[in-house]
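A closer look at the structure
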Amino acid sequence: FLETAAYFCMKPKMGEKEVSPHSFFSIWHEFSSDFKEFWKKENKLILQERVKEAEEVCRQKKGKSLYNIRPKHDSGIVSKKYSYV
């Protein structure tokens, strides 16, 4: 524990000889909870951007048809029946 506290340059509070676990982990808890909130917000923004990109790609593909629709030409018995009238 003391090596970890020294690695993060923790100094003991006034009147204490060493860094207490309580002071170290109270700061660590604040940091980790803040980091978790920012992480969730950032992931939400990234997800929204990806959804927008996917919607744009979908719109572009819908604009460009993969097949052509030709108008139906009248042929067969029904069209001949009505064309003589």
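Preceding block: the structure.
Structure report, in brief. (Residues numbered from 1 in each chain as written. Predicted model: local features only at pLDDT ≥ 70, side-chain atom pairs only at ≥ 80, totals over all residues. Heavy atoms only, no water.)

So, the pattern of salt bridges
Inspection of every chain in the model, using the stated rule, returns 2 salt bridges. A salt bridge links Arg59 to Glu55, with the shortest nitrogen-to-oxygen separation between them at 3.9 Å. Taken as a pair, Arg59 and Glu55 lie in helix H2 (residues 21-63) at a separation of 4 residues, close to a single helical turn. Its relative accessible area of 40% is what places Glu55 among the partly exposed residues. Of the charged contacts in the structure, one is a salt bridge between Arg59 and Glu56, with a shortest N-O distance of 2.9 Å. Within this pair, Arg59 and its partner Glu56 are both found in helix H2, separated by 3 residues, close to a single helical turn. Judged by relative accessible area, Arg59 falls into the exposed class, the value being 53%. Three or more residues are tied together by salt bridges with common partners; here these are Glu55, Glu56 and Arg59. (Salt bridge = Lys/Arg side-chain N within 4 Å of Asp/Glu carboxyl O. Helix = DSSP H or I, 4+ residues; strand = E, 2+ residues; numbered from the N terminus. Buried < 20%, exposed > 50% of the residue type's maximum accessible area, 1.4 Å probe, protein only.)

Re the packing of aromatic side chains
Aromatic ring pairs: the centre-centre distance and the angle between the two ring planes describe each pair. Tallied over the full model, the rule gives 10 aromatic pairs. Judged by centre distance (6.2 Å) and plane angle (45°), the ring pair of Phe8 and Phe24 falls under tilted. Residue Phe8 is located in the loop between helix H1 (2-7) and H2, and its partner Phe24 is located in helix H2; the two are separated by 16 residues in the primary sequence. Owing to a relative accessible area of 6%, Phe24 belongs among the buried residues under this scheme. (Phe/Tyr/Trp six-rings, centres within 6.5 Å; stacked < 30°, edge-to-face > 60°.)

Points about unusual backbone geometry
Located in the positive-phi region is Cys9, a residue other than glycine, with phi close to 60°. Following the sequence through the fold, Cys9 ends up in the loop between H1 and H2. Judged by relative accessible area, which is 62%, Cys9 ranks as exposed.

Here's the deal with a nonpolar patch on the surface
On the surface, a nonpolar cluster with roughly 1000 Å² of combined accessible area is contributed by Phe1, Leu2, Tyr7, Phe8, Phe25, Trp28, Phe31, Phe35 and Trp39. Elements with a contribution of two residues or more to the nonpolar patch: H1 and H2. Among the secondary structure elements, Tyr7 is positioned in helix H1. (Patch = residues over 30% accessible without salt bridge, like charges linked within 9 Å, V, L, I, M, F, W, Y side chains within 5 Å. Areas by Shrake-Rupley, 256 points an atom, 1.4 Å probe, with all protein chains shown as cover.)

With respect to the side chain of Ser23
Its location among the elements puts Ser23 in helix H2. A residue is classified by how much of its surface remains accessible, and Ser23, at 7% relative accessible area, is buried. Not counting chain neighbours up to four residues away, the residues in contact with Ser23 comprise Met10 and Lys13. (Contact = heavy atoms within 4.5 Å.)

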